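Notes for the structure review
Each chain, written out:
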Amino acid sequence: MAVGLLLLITGLAAGAYAVGIWGQASFGALDPEITLRIVAPSVTALILGLQIIFSSFFLGVLGLRRK
């Protein structure tokens, strides 16, 4: 759960950074090569973080223990 939370926070922070860069460009056109280097890992971290958090809740409900 802690790893999922860390990934989620990292993804949110990178997303906020990307929006800040977009704001500096007056919310206009951006260079996709630079922007996607921030946005793609951000979205990936968000998705993985949520997936890990939800799967840890699911395994907790099932009562499975780690070995």
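Everything that follows concerns the structure shown earlier in this document.
Read on for an overview of the structure. (Residues numbered from 1 in each chain as written. Predicted model: local features only at pLDDT ≥ 70, side-chain atom pairs only at ≥ 80, totals over all residues. Heavy atoms only, no water.)

1. Points about empty space enclosed by the protein
Within this structure, the stated rule accounts for 1 cavity of 30 Å³ or more. A volume near 30 Å³ is recorded for the largest cavity. What lines the largest cavity is Ala-18, Ile-21, Ile-34, Thr-35 and Ile-38. Only α1 (2-24) and α2 (32-62) provide two or more residues apiece to the lining of the largest cavity. Residues that form the lining of the largest cavity fall into these classes: 4 nonpolar, 1 polar and no charged. (1 Å grid on protein atoms, 1.4 Å probe; cavity = no way out; pocket = protein on both sides within 12 Å on 5 of 7 lines; lining within 4 Å. Points joined across faces, edges and corners; volume = space filled by probe spheres on them. Helix = DSSP H or I, 4+ residues; strand = E, 2+ residues; numbered from the N terminus. Nonpolar A, V, L, I, M, F, W, Y, C, P; charged D, E, K, R; others polar.)

2. Structural notes on the pattern of salt bridges
Pairing between side chains becomes possible if they bear opposite charge and their charged atoms approach one another. Under the defined criterion, the tally for this structure stands at 1 salt bridge. Between Glu-33 and Arg-37 there is a salt bridge, with its nearest N and O atoms 3.8 Å apart. A residue pair is termed a helical-turn pair when its members lie 3 or 4 positions apart in one helix, as Glu-33 and Arg-37 do in helix α2 at 4 residues. The class of Glu-33 is exposed, set by a relative accessible area of 55%. (Salt bridge = Lys/Arg side-chain N within 4 Å of Asp/Glu carboxyl O. Buried < 20%, exposed > 50% of the residue type's maximum accessible area, 1.4 Å probe, protein only.)

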